[in-house]
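As a plain string of letters, each chain reads:
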Amino acid sequence: MEDLQRRFRTGDPDAVRAVYRHYGGAVHTVARSIVGDELARDVAQQTFVKAWQAAATFDADRELAPWLYAIARRTAIDVLRAERHPTRGGHAPAVDVGVETLSMERTWEVFEVRRAIDDLPDGEREVVRLSHLGGWTHAEIAEQLEVPVGTVKSRSARAHQRLAAALGHLLDSRTDPAVGDVDSNEDPR
Amino acid sequence: MTEPPEYPDEPPVGDDALAPLLGNGAVWTDPDPDLEDDIVAAVGSEIRSGEMPRPDRHTGDLRRWLAPVAVGVVAAILVLVGASVLDGGAEQGTTGVAVALAGTEAAPDASAVATVTDTPLGTRIDLDVSGLAPAGRDQYYEGWLWNDDGDAVSAGSFHLRGGVGTIELWAGVGLDEYPRMTVTRETEGEGAAPSGEVVLRSR
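Cut-offs used in this document
- Residues numbered from 1 in each chain as written.
- Chains lettered and ligands numbered in written order.
- Predicted model: local features only at pLDDT ≥ 70, side-chain atom pairs only at ≥ 80, totals over all residues.
- Heavy atoms only, no water.
- Helix = DSSP H or I, 4+ residues; strand = E, 2+ residues; numbered from the N terminus.
- Buried < 20%, exposed > 50% of the residue type's maximum accessible area, 1.4 Å probe, protein only.
- Contact = heavy atoms within 4.5 Å.
- Areas by Shrake-Rupley, 256 points an atom, 1.4 Å probe, with all protein chains shown as cover.
- Core = buried A, V, L, I, M, F, W, Y, C linked by side-chain atoms within 4.5 Å.
- Axes fitted to C-alpha atoms, helices over the stretch in contact; angles between N-to-C directions.
- Parallel < 35°, antiparallel > 145°, perpendicular 65-115°, else oblique.
- Left-handed = near helix turned anticlockwise from the far one by under 90°.
- Expected span 1.5 Å × (residues − 1).
- Bend = angle between axes of the 7 residues up to and from the residue.
- Phe/Tyr/Trp six-rings, centres within 6.5 Å; stacked < 30°, edge-to-face > 60°.

When helices and strands are counted, chain B shows three helices and 10 strands. In sequence order, the secondary structure elements of chain B are arranged as α-α-β-α-β-β-β-β-β-β-β-β-β. The buried share among the 203 residues of chain B stands at 48%. Sequence-distant contacts in chain B: of pairs separated by 6 or more residues, those separated by 24 or more amount to 58%. When the accessible surface of chain B is split by element, carbon and sulfur atoms take 50% of a total near 9400 Å².

Moving on, we get to the nonpolar core. The nonpolar side chains of soluble globular proteins are, as a tendency, buried together. Core analysis: the biggest nonpolar cluster contains 59 residues, and F8 and F111 of chain A have the highest contact counts within it. Elements represented by at least two residues in this core include exactly α1 (2-9), α2 (13-35), α3 (37-53), α4 (64-83), α5 (104-118) and α8 (149-174) of chain A together with α1 (15-22) and α2 (35-48) of chain B. Once residues within four sequence positions are removed from consideration, F8 of chain A is found in contact with A15, V16, V19, A51, W52, A55, L64 and W67 of chain A. Core analysis: the next-biggest nonpolar cluster, separate from the first, contains 27 residues, L127, A135, A171 and V183 of chain B among them.

Helices that pack against each other are described as a pair by the angle of their axes relative to one another and the distance between those axes. All names here are of chain A. In contact at an axis separation of 8 Å, α2 and α3 are set at 140 degrees when each is read in the N-to-C sense. Between α2 and α3, the interaxial angle falls into the category oblique. Pair α2 / α3 crosses with right-handed handedness. On α3, the residues touching P13, V16, V19, Y20, Y23, G24, V27, H28, A31, R32 and V35 of α2 are D37, L39, A40, R41, V43, A44, T47, F48 and W52.

Our next topic: α2 of chain A. Residues and elements named next belong to chain A. Here α2 spans only 27 Å end to end across 23 residues, well under the 33 Å set by a 1.5 Å rise per residue. The largest bend along α2 reaches roughly 60 degrees and is located at Y23. At the exit of α2 stands G36, carrying a positive phi of roughly 90 degrees.

This part is about the packing of aromatic side chains. Residue and element names in this part refer to chain A. Counting across every chain of the model gives five aromatic pairs over all chains. Arranged with centres 5.3 Å apart and planes meeting at 65 degrees, the rings of Y20 and F48 form a pair that is edge-to-face. With a gap of 28 residues between them, Y20 in helix α2 and F48 in helix α3 connect regions that are remote in the sequence. F48 shares its class with Y20; the two are buried. Measuring from centroid to centroid gives 5.1 Å for Y69 and W108, while their planes differ by 70 degrees, and the two rings are edge-to-face. Of this pair, Y69 sits in helix α4 while W108 sits in helix α5; the two residues are 39 residues apart in sequence, bridging distant segments of the chain.

Below, the structure is given as structure tokens:
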């Protein structure tokens, strides 16, 4: 990873592909959570191009993920602001307000969750997806994947151990009711 | 079939807490498969057009804004304010620094205090603005951090049509290397470089 960060920092275009494969899902998830399906692809593309353009400003002592996340969130908010601008496309005035979106904490959360999911082995990832997103039982998953139930259980156990380790830092904030769900990039008093 | 005893029927570790995170359909939606190629192509296009990775470069004269500013410009104040801005999710940031910005001739009644905090996510700038008019039609404001070579990095944009107040900006660089700050008035569609129409400036 350090070598990838170093190559990315030098502007190596091959490193852009590698960075996308590592963080593309998480960046797209943040984009989608802020601007929705229609604009998420554009935001994700802008994010990686901006990151590549600004690679020389990346501090190699930091982790790449938070830096990419910050670019993605800011790009998404800027795109959202531009889309809501009253002078764009003949939109009627008086609709332009501060851009409200998911809070920093919540968008960081979806970024980190997606990263953790992407780091799972394929077999474990599918078990977790079917379990949490589909609400399937282990037996149903076993039937779907055509593997023994014991295999599903073992994959589930390993996956949840990995996820708990990767996402433990998020769990405390989930229990804090003071952490808001929505904020604004402009907070008029 | 006999099940391995070490694996329980339900996910064993942190499942109750993880369930709200993992049950969010948004985190499971994959981008289009061709997005990767499009991004690499976009970077290739930047290379072919002669663009290379670098900070945004100010097109104006650096000396113009290093020169003594107009009477009434308030000296930048760097004080520790003990701010720590991230409540959760990411790690706590380091102590914030307050930077005073004064209005220029383009906005003589404007002033602002920026609380700059180095966080694991980058540099957070909470800009508390007063006396600055809402941006006009087709216009917006943009925050910039500058280094001593005259390179500028955008920290994001805003328009103040919702009223004055605190604006949250973020940059991928810090005050250690980019110690000066400006706010410019920009026009929609006129490029990503600073316009040169500075309305607020630190020293």
